Amino acid sequence: MNLLQMIDENRNDFFSYLNKVASCENKLLVKGNLLDILEQLKLDDKNGNHSATEQIVKHITESVCIDNYIYFEFREKIGE
């Protein structure tokens with residue numbers, strides 16, 4: 001399954017994650033920041049299944065939030 005399919009099939013969980021990213025004070029986030037936000041989301045929503053969101057976030061290297069838009073840089077898989 002490719003990344004876009006994973007996002008599409010898990011859009012509610014992923015958009016919950018995006019809301020956390022967008023509400024962050026820092027508008028330039030690197031991988032460590034994005035993983036920290038995911039860990040906080042897991043703590044806040046213990047009933048959710050965040051494994052798909054975790055797989056998606058592992059492919060993101062950084063994000064920038066400008067106005068109401070979030071731009072992600074995705075890491076390409078090597079060897080495919």
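Everything below is about the structure shown above.
These figures come from a predicted structure and were not determined experimentally.

(A) Here's a closer look at the sheet that holds strand β1 (residues 28-30). Strand order in this open sheet of three strands is β1-β2-β3, and the pairing throughout is antiparallel. At either end of the open sheet lies a strand with only one pairing partner, and these are β1 and β3 (69-74). With direction set aside, neighbouring strand axes in the sheet form an average angle of 15°. Across the face of the sheet, helix α3 (residues 31-44) comes into contact with β1 and β2 (60-66) while running at roughly 85° to β1.

(B) Summary view of the packing of helix α2 (residues 11-22) against α3. Direction vectors running N to C along α2 and α3 enclose 120°, while the axes themselves pass 10 Å from each other. As the angle between them shows, α2 and α3 are arranged oblique. Seen along the crossing, α2 lies across α3 with a hand that is right-handed. Within the contact between the two elements, α2 uses Y17, K20 and V21 and α3 uses L34, I37, L38, L41 and D44. Looking at the contact of α2 with α3 residue by residue, the classes come out as six nonpolar, no polar and two charged.

What counts, and at which threshold
- Residues numbered from 1 in each chain as written.
- Predicted model: local features only at pLDDT ≥ 70, side-chain atom pairs only at ≥ 80, totals over all residues.
- Heavy atoms only, no water.
- Pairing = 2+ DSSP bridges.
- Helix = DSSP H or I, 4+ residues; strand = E, 2+ residues; numbered from the N terminus.
- Axes fitted to C-alpha atoms, helices over the stretch in contact; angles between N-to-C directions.
- Contact = heavy atoms within 4.5 Å.
- Parallel < 35°, antiparallel > 145°, perpendicular 65-115°, else oblique.
- Left-handed = near helix turned anticlockwise from the far one by under 90°.
- Nonpolar A, V, L, I, M, F, W, Y, C, P; charged D, E, K, R; others polar.

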